[in-house]
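# Per-entry structural report
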Amino acid sequence: MARSRSTTSSWRYVNPAYYLKRPKRLALLLIGFVVASFVIWDRQTIIREHEVEIEKLLEEVNRLQSELEEVKVGGKIRSPGRKDVTVNPIALERREKVKEAMLHAWSSYEKYAWGQDELQPQTKNGVNSFGGLGATLVDSLDTLYIMGLDEQFQRAREWIVNSLDFNKDYDASVFETTIRVVGGLLSAYDLSNDKVFLEKAKDIADRLLPAWDTPSGIPYNVINLAQGRPHNPGWTSGQSILADSGTEQLEFIALSQRTGDPKYQQKVENVILVLNKTFPADGLLPIYINPESGTASHATITFGAMGDSFYEYLLKAWIQGNKTAVVKHYREMWETSMIGLQSLVRRTTPSSYAYLCEKNGDSFSDKMDELACFVPGMLALGSVGYGPGDSEKFLTLAEELAWTCYNFYQLTPTKLAGENYFFHAGQDMNVGTSWNILRPETVESLFYLWRFTGNETYQDWGWNIFQAFEKNSRIESGYVGLKDVNTGVKDDKMQSFFLAETLKYLYLLFSPPNVIPLDEWVFNTEAHPLKIVTRLKNMEQPYRPVMRRQRPRKEGRD
(Lines give C-alpha, C1' and ligand atoms only; values in the text may rest on other atoms or scores of the structure.)
Protein backbone atom coordinates (compact mmCIF):
# COMPACT_ATOMS: atom_id res chain seq x y z
CA MET A 1 0.00 0.00 0.00
CA ALA A 2 2.87 2.38 0.74
CA ARG A 3 4.16 1.89 -2.88
CA SER A 4 0.70 2.53 -4.20
CA ARG A 5 0.30 5.79 -2.27
CA SER A 6 3.79 6.90 -3.30
CA THR A 7 3.05 6.22 -6.99
CA THR A 8 -0.25 8.06 -6.78
CA SER A 9 1.43 11.00 -5.05
CA SER A 10 4.07 11.22 -7.79
CA TRP A 11 1.57 11.11 -10.63
CA ARG A 12 -0.42 14.05 -9.27
CA TYR A 13 2.32 16.43 -10.58
CA VAL A 14 1.48 15.56 -14.18
CA ASN A 15 -2.24 16.09 -13.64
CA PRO A 16 -3.32 19.52 -15.07
CA ALA A 17 -5.98 19.85 -12.36
CA TYR A 18 -3.24 19.95 -9.72
CA TYR A 19 -1.79 23.17 -11.22
CA LEU A 20 -5.14 24.79 -11.90
CA LYS A 21 -5.79 24.71 -8.16
CA ARG A 22 -2.32 26.11 -7.43
CA PRO A 23 -1.69 29.15 -9.75
CA LYS A 24 1.67 30.03 -8.21
CA ARG A 25 3.06 26.62 -9.05
CA LEU A 26 1.56 26.88 -12.55
CA ALA A 27 3.33 30.20 -13.06
CA LEU A 28 6.63 28.71 -11.87
CA LEU A 29 6.16 25.77 -14.24
CA LEU A 30 5.54 28.09 -17.20
CA ILE A 31 8.54 30.25 -16.33
CA GLY A 32 10.70 27.12 -16.12
CA PHE A 33 9.43 25.92 -19.46
CA VAL A 34 10.15 29.26 -21.16
CA VAL A 35 13.66 29.47 -19.67
CA ALA A 36 14.45 25.89 -20.74
CA SER A 37 13.16 26.62 -24.26
CA PHE A 38 15.35 29.72 -24.56
CA VAL A 39 18.39 27.78 -23.36
CA ILE A 40 17.83 25.00 -25.89
CA TRP A 41 17.04 27.44 -28.73
CA ASP A 42 20.08 29.57 -27.93
CA ARG A 43 22.31 26.52 -27.88
CA GLN A 44 21.01 25.37 -31.30
CA THR A 45 21.49 28.88 -32.70
CA ILE A 46 25.08 28.95 -31.45
CA ILE A 47 25.71 25.53 -33.01
CA ARG A 48 24.29 26.68 -36.36
CA GLU A 49 26.36 29.87 -36.25
CA HIS A 50 29.47 27.84 -35.51
CA GLU A 51 28.71 25.52 -38.44
CA VAL A 52 28.42 28.51 -40.78
CA GLU A 53 31.70 29.95 -39.48
CA ILE A 54 33.42 26.58 -39.90
CA GLU A 55 32.09 26.36 -43.46
CA LYS A 56 33.49 29.82 -44.24
CA LEU A 57 36.85 28.89 -42.73
CA LEU A 58 36.96 25.67 -44.76
CA GLU A 59 36.25 27.63 -47.94
CA GLU A 60 39.07 30.04 -47.13
CA VAL A 61 41.46 27.16 -46.35
CA ASN A 62 40.57 25.48 -49.66
CA ARG A 63 41.08 28.75 -51.53
CA LEU A 64 44.50 29.29 -49.96
CA GLN A 65 45.50 25.68 -50.63
CA SER A 66 44.50 26.10 -54.27
CA GLU A 67 46.61 29.24 -54.56
CA LEU A 68 49.64 27.48 -53.10
CA GLU A 69 49.25 24.64 -55.60
CA GLU A 70 49.03 27.00 -58.56
CA VAL A 71 52.70 27.84 -58.84
CA LYS A 72 54.25 28.77 -62.17
CA VAL A 73 57.87 28.54 -63.23
CA GLY A 74 59.82 31.10 -61.23
CA GLY A 75 57.64 30.64 -58.16
CA LYS A 76 54.87 33.10 -59.05
CA ILE A 77 51.40 32.37 -57.77
CA ARG A 78 48.79 32.10 -60.50
CA SER A 79 45.27 32.33 -59.14
CA PRO A 80 42.65 31.31 -61.73
CA GLY A 81 40.69 34.18 -63.16
CA ARG A 82 42.49 36.83 -61.12
CA LYS A 83 45.64 37.39 -63.14
CA ASP A 84 46.97 40.89 -62.65
CA VAL A 85 46.21 42.54 -65.97
CA THR A 86 45.14 46.05 -66.79
CA VAL A 87 41.84 46.16 -68.66
CA ASN A 88 42.33 48.75 -71.36
CA PRO A 89 39.64 51.12 -72.67
CA ILE A 90 39.51 49.29 -76.00
CA ALA A 91 38.46 46.09 -74.23
CA LEU A 92 35.72 47.90 -72.36
CA GLU A 93 34.48 49.49 -75.57
CA ARG A 94 34.38 46.08 -77.21
CA ARG A 95 32.48 44.71 -74.23
CA GLU A 96 29.78 47.32 -74.75
CA LYS A 97 29.48 46.24 -78.39
CA VAL A 98 28.95 42.64 -77.26
CA LYS A 99 26.35 43.80 -74.74
CA GLU A 100 24.53 45.66 -77.51
CA ALA A 101 24.58 42.45 -79.58
CA MET A 102 23.00 40.60 -76.66
CA LEU A 103 20.31 43.27 -76.42
CA HIS A 104 19.59 42.90 -80.13
CA ALA A 105 19.37 39.11 -79.89
CA TRP A 106 17.24 39.21 -76.75
CA SER A 107 14.83 41.92 -77.91
CA SER A 108 14.29 39.99 -81.15
CA TYR A 109 13.49 36.86 -79.15
CA GLU A 110 11.12 38.83 -76.91
CA LYS A 111 9.34 40.35 -79.90
CA TYR A 112 8.95 37.30 -82.12
CA ALA A 113 9.37 34.12 -80.02
CA TRP A 114 8.69 34.98 -76.36
CA GLY A 115 8.43 31.84 -74.21
CA GLN A 116 9.26 29.49 -77.06
CA ASP A 117 12.48 27.53 -77.27
CA GLU A 118 14.23 29.30 -80.12
CA LEU A 119 13.75 32.17 -82.55
CA GLN A 120 13.60 31.77 -86.31
CA PRO A 121 14.76 35.28 -87.23
CA GLN A 122 14.12 35.26 -90.97
CA THR A 123 10.53 34.09 -90.70
CA LYS A 124 10.10 36.02 -87.42
CA ASN A 125 8.50 33.27 -85.38
CA GLY A 126 9.41 30.82 -82.65
CA VAL A 127 9.94 27.07 -82.64
CA ASN A 128 9.76 24.63 -79.72
CA SER A 129 12.78 22.50 -80.52
CA PHE A 130 13.12 21.39 -76.86
CA GLY A 131 9.50 20.60 -76.06
CA GLY A 132 8.45 24.12 -75.12
CA LEU A 133 10.70 24.64 -72.08
CA GLY A 134 11.57 28.24 -72.95
CA ALA A 135 15.12 27.15 -73.78
CA THR A 136 16.43 30.51 -75.01
CA LEU A 137 14.85 32.33 -72.07
CA VAL A 138 16.26 29.98 -69.41
CA ASP A 139 19.61 29.72 -71.20
CA SER A 140 19.93 33.53 -71.22
CA LEU A 141 19.13 34.27 -67.57
CA ASP A 142 22.70 34.44 -66.28
CA THR A 143 23.94 36.32 -69.35
CA LEU A 144 21.31 38.99 -68.72
CA TYR A 145 22.26 39.14 -65.04
CA ILE A 146 26.02 39.33 -65.62
CA MET A 147 25.58 42.09 -68.21
CA GLY A 148 23.39 44.10 -65.83
CA LEU A 149 20.29 43.88 -68.03
CA ASP A 150 17.99 43.97 -65.03
CA GLU A 151 14.66 44.79 -66.66
CA GLN A 152 15.08 41.97 -69.16
CA PHE A 153 16.09 39.60 -66.35
CA GLN A 154 12.99 40.48 -64.33
CA ARG A 155 10.67 39.93 -67.29
CA ALA A 156 12.25 36.53 -67.85
CA ARG A 157 11.81 35.72 -64.16
CA GLU A 158 8.12 36.60 -64.33
CA TRP A 159 7.64 34.25 -67.27
CA ILE A 160 9.35 31.45 -65.34
CA VAL A 161 7.12 32.02 -62.32
CA ASN A 162 3.88 32.24 -64.28
CA SER A 163 4.39 30.13 -67.41
CA LEU A 164 7.24 27.61 -67.15
CA ASP A 165 5.65 24.16 -66.88
CA PHE A 166 7.67 20.95 -67.13
CA ASN A 167 4.68 18.59 -67.12
CA LYS A 168 4.89 17.96 -70.85
CA ASP A 169 4.31 14.78 -72.82
CA TYR A 170 7.64 15.23 -74.55
CA ASP A 171 10.67 12.96 -74.99
CA ALA A 172 13.46 15.23 -73.78
CA SER A 173 17.20 14.82 -74.11
CA VAL A 174 18.53 14.30 -70.58
CA PHE A 175 21.81 15.93 -71.59
CA GLU A 176 20.38 19.02 -73.29
CA THR A 177 17.76 19.56 -70.61
CA THR A 178 20.36 19.26 -67.87
CA ILE A 179 22.97 21.60 -69.30
CA ARG A 180 20.52 24.24 -70.57
CA VAL A 181 17.60 24.17 -68.14
CA VAL A 182 18.92 22.74 -64.87
CA GLY A 183 22.24 24.54 -65.37
CA GLY A 184 20.60 27.81 -66.39
CA LEU A 185 18.23 27.83 -63.42
CA LEU A 186 20.94 26.94 -60.89
CA SER A 187 23.23 29.65 -62.22
CA ALA A 188 20.42 32.21 -61.98
CA TYR A 189 19.87 31.09 -58.38
CA ASP A 190 23.56 31.35 -57.48
CA LEU A 191 23.76 34.85 -58.97
CA SER A 192 20.48 36.27 -57.69
CA ASN A 193 19.65 34.20 -54.58
CA ASP A 194 16.07 33.97 -55.86
CA LYS A 195 14.64 30.66 -54.68
CA VAL A 196 12.13 30.42 -57.53
CA PHE A 197 15.01 29.32 -59.76
CA LEU A 198 16.11 26.61 -57.32
CA GLU A 199 12.56 25.30 -56.99
CA LYS A 200 12.19 25.08 -60.77
CA ALA A 201 15.59 23.37 -61.10
CA LYS A 202 14.52 20.75 -58.57
CA ASP A 203 11.24 20.20 -60.42
CA ILE A 204 12.87 19.44 -63.76
CA ALA A 205 15.71 17.42 -62.19
CA ASP A 206 13.19 15.18 -60.40
CA ARG A 207 11.59 14.47 -63.78
CA LEU A 208 14.97 13.49 -65.23
CA LEU A 209 16.07 11.21 -62.38
CA PRO A 210 14.39 7.98 -63.61
CA ALA A 211 16.82 8.02 -66.56
CA TRP A 212 19.49 6.69 -64.17
CA ASP A 213 17.41 3.68 -63.16
CA THR A 214 19.35 1.19 -65.29
CA PRO A 215 21.11 -2.07 -64.32
CA SER A 216 24.51 -0.34 -64.41
CA GLY A 217 23.54 3.17 -63.36
CA ILE A 218 24.64 4.53 -66.75
CA PRO A 219 21.63 6.68 -67.70
CA TYR A 220 19.36 6.39 -70.67
CA ASN A 221 19.65 9.56 -72.72
CA VAL A 222 15.98 10.36 -73.40
CA ILE A 223 13.02 10.59 -71.00
CA ASN A 224 9.37 11.58 -71.24
CA LEU A 225 8.95 14.53 -68.89
CA ALA A 226 5.32 13.81 -68.03
CA GLN A 227 5.39 10.03 -67.84
CA GLY A 228 8.94 9.40 -66.67
CA ARG A 229 9.67 6.73 -69.28
CA PRO A 230 13.39 6.66 -70.17
CA HIS A 231 14.98 5.11 -73.25
CA ASN A 232 17.82 5.60 -75.68
CA PRO A 233 17.50 6.99 -79.22
CA GLY A 234 16.77 4.36 -81.82
CA TRP A 235 19.81 5.30 -83.88
CA THR A 236 22.23 4.29 -81.08
CA SER A 237 21.05 0.64 -81.14
CA GLY A 238 20.27 0.77 -77.44
CA GLN A 239 23.60 2.29 -76.43
CA SER A 240 24.04 5.37 -74.24
CA ILE A 241 26.20 8.21 -75.53
CA LEU A 242 29.37 9.00 -73.58
CA ALA A 243 28.95 12.80 -73.48
CA ASP A 244 25.22 12.55 -72.83
CA SER A 245 25.80 10.18 -69.89
CA GLY A 246 28.81 11.87 -68.32
CA THR A 247 27.84 15.54 -68.48
CA GLU A 248 25.35 15.94 -65.66
CA GLN A 249 27.75 15.85 -62.72
CA LEU A 250 28.18 19.60 -62.16
CA GLU A 251 24.48 20.38 -62.25
CA PHE A 252 23.25 17.50 -60.10
CA ILE A 253 26.04 17.82 -57.53
CA ALA A 254 25.27 21.53 -57.30
CA LEU A 255 21.58 20.75 -56.85
CA SER A 256 22.34 18.40 -53.96
CA GLN A 257 24.57 21.01 -52.36
CA ARG A 258 21.87 23.65 -52.57
CA THR A 259 18.92 21.49 -51.47
CA GLY A 260 20.68 19.21 -48.99
CA ASP A 261 19.18 16.19 -50.80
CA PRO A 262 21.94 13.72 -51.76
CA LYS A 263 19.92 11.77 -54.34
CA TYR A 264 20.97 13.92 -57.29
CA GLN A 265 24.67 13.74 -56.50
CA GLN A 266 24.53 10.00 -55.83
CA LYS A 267 23.05 9.24 -59.24
CA VAL A 268 25.62 11.16 -61.26
CA GLU A 269 28.67 10.29 -59.18
CA ASN A 270 27.83 6.61 -59.52
CA VAL A 271 28.24 6.99 -63.30
CA ILE A 272 31.87 8.01 -62.83
CA LEU A 273 32.53 5.19 -60.37
CA VAL A 274 31.12 2.67 -62.87
CA LEU A 275 33.23 4.02 -65.74
CA ASN A 276 36.31 4.14 -63.53
CA LYS A 277 36.11 0.38 -62.91
CA THR A 278 37.11 -0.35 -66.50
CA PHE A 279 38.79 2.95 -67.36
CA PRO A 280 41.42 2.33 -70.08
CA ALA A 281 45.11 3.05 -69.58
CA ASP A 282 45.01 5.92 -72.06
CA GLY A 283 41.79 7.35 -70.57
CA LEU A 284 40.02 7.45 -73.94
CA LEU A 285 36.49 6.04 -74.05
CA PRO A 286 34.45 5.29 -77.17
CA ILE A 287 31.32 7.38 -77.68
CA TYR A 288 28.94 4.49 -76.86
CA ILE A 289 28.44 2.91 -73.41
CA ASN A 290 26.23 -0.08 -72.69
CA PRO A 291 23.65 0.94 -70.04
CA GLU A 292 23.10 -2.69 -69.07
CA SER A 293 26.72 -3.60 -68.31
CA GLY A 294 28.29 -0.15 -67.93
CA THR A 295 31.10 -1.06 -70.31
CA ALA A 296 32.27 0.74 -73.42
CA SER A 297 31.27 -0.47 -76.87
CA HIS A 298 33.51 -0.56 -79.93
CA ALA A 299 33.08 2.89 -81.47
CA THR A 300 34.79 6.15 -82.38
CA ILE A 301 36.99 7.94 -79.85
CA THR A 302 36.81 11.70 -80.21
CA PHE A 303 37.02 15.00 -78.38
CA GLY A 304 34.33 16.23 -80.74
CA ALA A 305 30.64 15.39 -80.95
CA MET A 306 29.33 12.80 -78.46
CA GLY A 307 32.61 12.54 -76.57
CA ASP A 308 33.69 16.09 -75.74
CA SER A 309 32.09 17.21 -72.49
CA PHE A 310 32.68 13.93 -70.65
CA TYR A 311 36.36 14.87 -70.41
CA GLU A 312 35.49 18.48 -69.59
CA TYR A 313 33.39 17.40 -66.58
CA LEU A 314 36.09 15.14 -65.16
CA LEU A 315 38.21 18.25 -64.69
CA LYS A 316 35.42 20.57 -63.63
CA ALA A 317 33.93 18.19 -61.05
CA TRP A 318 37.35 18.20 -59.39
CA ILE A 319 37.34 22.00 -59.39
CA GLN A 320 33.75 22.11 -58.16
CA GLY A 321 34.76 19.81 -55.29
CA ASN A 322 37.44 22.26 -54.11
CA LYS A 323 40.19 19.93 -55.44
CA THR A 324 39.97 17.90 -52.24
CA ALA A 325 40.74 14.22 -51.62
CA VAL A 326 37.11 13.16 -52.01
CA VAL A 327 37.15 14.25 -55.68
CA LYS A 328 40.73 13.22 -56.39
CA HIS A 329 39.59 10.40 -58.67
CA TYR A 330 38.06 12.92 -61.08
CA ARG A 331 41.43 14.64 -61.51
CA GLU A 332 43.24 11.31 -61.83
CA MET A 333 40.86 10.15 -64.55
CA TRP A 334 41.22 13.47 -66.36
CA GLU A 335 45.04 13.37 -66.26
CA THR A 336 44.91 9.82 -67.63
CA SER A 337 42.69 11.06 -70.46
CA MET A 338 45.17 13.84 -71.21
CA ILE A 339 47.82 11.18 -71.77
CA GLY A 340 45.49 9.70 -74.38
CA LEU A 341 44.73 13.12 -75.84
CA GLN A 342 48.42 13.66 -76.60
CA SER A 343 48.41 10.49 -78.69
CA LEU A 344 45.78 12.10 -80.94
CA VAL A 345 47.75 15.30 -81.63
CA ARG A 346 48.91 15.71 -85.23
CA ARG A 347 50.38 18.63 -87.17
CA THR A 348 49.67 19.73 -90.69
CA THR A 349 51.97 20.52 -93.56
CA PRO A 350 53.13 23.00 -94.56
CA SER A 351 51.89 25.31 -91.75
CA SER A 352 52.23 22.93 -88.77
CA TYR A 353 48.77 23.55 -87.37
CA ALA A 354 48.20 21.29 -84.35
CA TYR A 355 44.93 19.35 -84.40
CA LEU A 356 43.23 16.40 -82.71
CA CYS A 357 42.43 13.43 -84.89
CA GLU A 358 39.77 10.80 -84.18
CA LYS A 359 40.33 7.11 -83.53
CA ASN A 360 38.38 3.94 -84.20
CA GLY A 361 40.10 0.77 -83.09
CA ASP A 362 43.63 0.97 -84.45
CA SER A 363 42.80 3.38 -87.26
CA PHE A 364 42.94 7.19 -87.14
CA SER A 365 40.94 9.79 -89.03
CA ASP A 366 42.43 13.22 -89.75
CA LYS A 367 39.24 15.04 -88.86
CA MET A 368 38.51 17.60 -86.11
CA ASP A 369 35.15 19.07 -85.12
CA GLU A 370 34.83 22.73 -84.20
CA LEU A 371 33.19 21.29 -81.08
CA ALA A 372 36.64 20.03 -80.08
CA CYS A 373 37.83 23.64 -79.90
CA PHE A 374 36.78 23.64 -76.24
CA VAL A 375 39.97 21.63 -75.60
CA PRO A 376 42.42 24.58 -75.50
CA GLY A 377 40.34 26.19 -72.76
CA MET A 378 40.09 22.91 -70.86
CA LEU A 379 43.86 22.42 -71.04
CA ALA A 380 44.49 25.95 -69.79
CA LEU A 381 42.08 25.41 -66.91
CA GLY A 382 43.62 22.06 -66.02
CA SER A 383 47.24 23.12 -66.41
CA VAL A 384 47.29 24.73 -62.95
CA GLY A 385 46.91 21.32 -61.27
CA TYR A 386 50.20 20.03 -62.70
CA GLY A 387 53.76 20.67 -61.58
CA PRO A 388 55.69 23.43 -63.42
CA GLY A 389 56.98 21.24 -66.26
CA ASP A 390 53.70 19.59 -67.24
CA SER A 391 51.80 22.81 -66.62
CA GLU A 392 53.82 24.66 -69.23
CA LYS A 393 53.62 21.72 -71.64
CA PHE A 394 49.83 21.59 -71.57
CA LEU A 395 49.46 25.36 -71.68
CA THR A 396 51.69 25.43 -74.77
CA LEU A 397 49.56 22.71 -76.40
CA ALA A 398 46.46 24.74 -75.53
CA GLU A 399 47.87 27.78 -77.30
CA GLU A 400 48.82 25.73 -80.38
CA LEU A 401 45.35 24.19 -80.66
CA ALA A 402 43.73 27.61 -80.14
CA TRP A 403 45.72 28.97 -83.09
CA THR A 404 44.32 26.16 -85.24
CA CYS A 405 40.77 26.83 -84.07
CA TYR A 406 41.15 30.54 -84.75
CA ASN A 407 42.23 29.68 -88.27
CA PHE A 408 39.13 27.55 -88.70
CA TYR A 409 37.51 31.00 -88.82
CA GLN A 410 40.15 33.02 -90.61
CA LEU A 411 40.64 30.68 -93.56
CA THR A 412 37.06 30.86 -94.88
CA PRO A 413 35.63 33.67 -97.05
CA THR A 414 33.17 34.69 -94.30
CA LYS A 415 35.77 34.41 -91.48
CA LEU A 416 33.36 32.02 -89.73
CA ALA A 417 34.27 28.40 -88.99
CA GLY A 418 32.68 25.34 -90.53
CA GLU A 419 31.33 22.49 -88.43
CA ASN A 420 34.37 20.26 -88.97
CA TYR A 421 37.67 20.12 -90.85
CA PHE A 422 39.75 17.53 -92.63
CA PHE A 423 43.53 17.58 -92.87
CA HIS A 424 45.56 16.36 -95.84
CA ALA A 425 49.29 16.33 -96.37
CA GLY A 426 50.45 19.51 -98.04
CA GLN A 427 47.02 21.17 -97.80
CA ASP A 428 46.82 22.12 -94.12
CA MET A 429 43.02 22.06 -93.62
CA ASN A 430 39.81 21.90 -95.63
CA VAL A 431 36.26 22.60 -94.51
CA GLY A 432 34.19 19.42 -94.26
CA THR A 433 30.62 20.13 -93.16
CA SER A 434 30.38 23.79 -94.09
CA TRP A 435 27.61 25.20 -91.91
CA ASN A 436 28.11 27.52 -88.94
CA ILE A 437 25.44 27.53 -86.25
CA LEU A 438 26.89 30.28 -84.00
CA ARG A 439 28.92 27.86 -81.88
CA PRO A 440 30.92 29.11 -78.85
CA GLU A 441 33.81 26.67 -78.40
CA THR A 442 36.62 28.74 -79.91
CA VAL A 443 35.72 31.96 -78.08
CA GLU A 444 35.34 29.89 -74.91
CA SER A 445 38.96 28.79 -75.23
CA LEU A 446 40.10 32.33 -76.02
CA PHE A 447 38.41 33.46 -72.79
CA TYR A 448 40.28 30.88 -70.69
CA LEU A 449 43.61 31.55 -72.38
CA TRP A 450 43.28 35.28 -71.82
CA ARG A 451 42.42 34.70 -68.16
CA PHE A 452 45.43 32.44 -67.61
CA THR A 453 48.04 34.24 -69.70
CA GLY A 454 46.92 37.89 -69.82
CA ASN A 455 47.88 37.87 -73.51
CA GLU A 456 45.68 40.45 -75.25
CA THR A 457 46.18 38.67 -78.56
CA TYR A 458 43.35 36.38 -77.53
CA GLN A 459 41.09 39.39 -77.08
CA ASP A 460 41.98 40.54 -80.59
CA TRP A 461 41.17 37.12 -82.02
CA GLY A 462 37.84 37.11 -80.21
CA TRP A 463 37.04 40.56 -81.52
CA ASN A 464 37.71 39.43 -85.09
CA ILE A 465 35.34 36.49 -84.63
CA PHE A 466 32.68 38.77 -83.13
CA GLN A 467 32.96 41.14 -86.11
CA ALA A 468 32.50 38.21 -88.48
CA PHE A 469 29.28 37.27 -86.66
CA GLU A 470 28.13 40.89 -86.88
CA LYS A 471 28.86 41.04 -90.61
CA ASN A 472 27.44 37.66 -91.66
CA SER A 473 24.92 36.55 -89.03
CA ARG A 474 23.21 39.72 -87.78
CA ILE A 475 19.94 40.64 -89.41
CA GLU A 476 17.16 43.05 -88.43
CA SER A 477 15.34 40.42 -86.35
CA GLY A 478 18.19 38.64 -84.57
CA TYR A 479 21.17 36.44 -85.47
CA VAL A 480 21.23 33.46 -87.81
CA GLY A 481 23.70 30.75 -88.65
CA LEU A 482 25.12 30.11 -92.08
CA LYS A 483 24.25 27.15 -94.27
CA ASP A 484 27.65 27.52 -95.92
CA VAL A 485 30.63 29.50 -94.59
CA ASN A 486 32.02 29.67 -98.11
CA THR A 487 29.02 31.37 -99.71
CA GLY A 488 27.47 33.09 -96.69
CA VAL A 489 23.98 31.72 -97.34
CA LYS A 490 21.97 32.13 -94.12
CA ASP A 491 19.84 29.64 -92.20
CA ASP A 492 16.81 30.54 -90.08
CA LYS A 493 17.65 29.78 -86.45
CA MET A 494 19.13 31.67 -83.54
CA GLN A 495 20.48 28.90 -81.36
CA SER A 496 19.90 29.38 -77.62
CA PHE A 497 23.58 28.77 -76.93
CA PHE A 498 24.48 31.88 -78.92
CA LEU A 499 23.03 33.94 -76.05
CA ALA A 500 24.03 31.52 -73.30
CA GLU A 501 27.61 30.85 -74.40
CA THR A 502 28.97 32.69 -77.42
CA LEU A 503 27.98 36.21 -76.34
CA LYS A 504 28.67 35.54 -72.66
CA TYR A 505 32.22 34.31 -73.29
CA LEU A 506 32.86 37.26 -75.61
CA TYR A 507 31.56 39.64 -72.94
CA LEU A 508 33.80 38.05 -70.28
CA LEU A 509 36.77 38.07 -72.68
CA PHE A 510 36.61 41.87 -72.62
CA SER A 511 35.72 42.16 -68.90
CA PRO A 512 38.04 42.52 -65.89
CA PRO A 513 39.10 39.16 -64.42
CA ASN A 514 37.08 39.80 -61.25
CA VAL A 515 33.85 39.36 -63.21
CA ILE A 516 33.01 35.70 -62.52
CA PRO A 517 36.52 34.82 -61.22
CA LEU A 518 37.57 31.25 -61.91
CA ASP A 519 38.62 30.54 -58.33
CA GLU A 520 35.03 31.14 -57.20
CA TRP A 521 32.96 29.85 -60.12
CA VAL A 522 33.00 26.88 -62.49
CA PHE A 523 31.20 26.97 -65.85
CA ASN A 524 29.06 24.09 -66.98
CA THR A 525 29.31 23.04 -70.61
CA GLU A 526 26.56 25.53 -71.54
CA ALA A 527 28.59 28.39 -69.98
CA HIS A 528 26.38 28.62 -66.90
CA PRO A 529 28.58 29.65 -63.94
CA LEU A 530 28.02 27.67 -60.73
CA LYS A 531 29.39 28.87 -57.41
CA ILE A 532 32.18 26.73 -55.95
CA VAL A 533 31.22 25.90 -52.36
CA THR A 534 32.58 23.70 -49.60
CA ARG A 535 31.74 20.07 -50.22
CA LEU A 536 30.27 18.71 -46.96
CA LYS A 537 29.68 15.09 -46.02
CA ASN A 538 26.10 13.98 -46.56
CA MET A 539 25.12 17.59 -47.39
CA GLU A 540 24.34 18.44 -43.73
CA GLN A 541 24.30 22.19 -44.48
CA PRO A 542 22.79 23.16 -47.87
CA TYR A 543 24.57 25.96 -49.68
CA ARG A 544 22.71 29.27 -49.87
CA PRO A 545 24.05 32.10 -52.02
CA VAL A 546 25.06 35.36 -50.42
CA MET A 547 22.33 37.96 -50.83
CA ARG A 548 23.03 40.14 -53.85
CA ARG A 549 22.25 43.82 -54.16
CA GLN A 550 18.76 44.46 -55.44
CA ARG A 551 19.66 46.98 -58.15
CA PRO A 552 22.89 46.04 -59.91
CA ARG A 553 24.77 48.55 -62.02
CA LYS A 554 23.35 48.91 -65.50
CA GLU A 555 26.72 48.72 -67.21
CA GLY A 556 27.30 45.16 -66.06
CA ARG A 557 28.99 43.62 -63.06
CA ASP A 558 32.61 44.63 -62.55
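Structure first, text after, so check above.
Further remarks concern the packing of aromatic side chains. Taken as a whole, this structure holds 28 aromatic pairs when the rule is applied. Between Trp-403 and Tyr-406, the aromatic rings sit 6.2 Å apart at their centres with planes inclined by 35°, giving tilted as the arrangement. Here Trp-403 pairs with Tyr-406, and both are found in helix H15 (residues 388-410), just 3 residues apart, close to one helical turn. Classification of Trp-403 by relative accessible area gives partly exposed; the value is 38%. One residue, Arg-331, lies across the ring of Tyr-386, its end atom 4.7 Å from the ring centre.

The next thing to look at is the environment of Ile-272. Structurally, Ile-272 is set in helix H11 (residues 263-277). Accessibility expressed as a relative area gives 1% for Ile-272, which makes it buried. On a C-alpha basis, the gap between Ile-272 and Gly-246 in space is 7.4 Å, while along the polypeptide they are 26 residues apart. The residues contacting Ile-272, other than those within four sequence positions of it, are Gln-249, Phe-310, Leu-314, His-329, Tyr-330 and Met-333.

Here we come to the side chain of Asn-224. Take Asn-224: it is sitting in strand E4 (residues 222-224). For Asn-224, the side chain forms a polar contact with the side chain of Asp-169, separated by 2.7 Å. In this view, Asn-224 contacts Lys-168, Asp-169, Tyr-170, Asp-171 and Arg-229; residues no more than four positions away in its chain are not counted.

Here we take up the sheet that holds strand E14 (residues 430-431). Read across the sheet, 3 strands follow the order E12-E13-E14 without closing on themselves; strand pairing throughout is antiparallel. Among the strands making up the open sheet, the edge pair consists of strand E12 (367-369) and E14. Bridge count for strand E13 (residues 420-422) against E14 is 2 bridges, and the pairing is antiparallel. If you follow Phe-422 over to E14, its bridge partner there is Asn-430.

Analysis parameters
- Residues numbered from 1 in each chain as written.
- Predicted model: local features only at pLDDT ≥ 70, side-chain atom pairs only at ≥ 80, totals over all residues.
- Heavy atoms only, no water.
- Phe/Tyr/Trp six-rings, centres within 6.5 Å; stacked < 30°, edge-to-face > 60°.
- Helix = DSSP H or I, 4+ residues; strand = E, 2+ residues; numbered from the N terminus.
- Buried < 20%, exposed > 50% of the residue type's maximum accessible area, 1.4 Å probe, protein only.
- Lys NZ or Arg CZ within 6 Å of the ring centre and 35° of its normal.
- Contact = heavy atoms within 4.5 Å.
- Polar contact = N/O pair within 3.5 Å; in protein donor to acceptor, adjacent residues only side chain to side chain.
- Pairing = 2+ DSSP bridges.

Nothing here speaks to function; it is geometry throughout.
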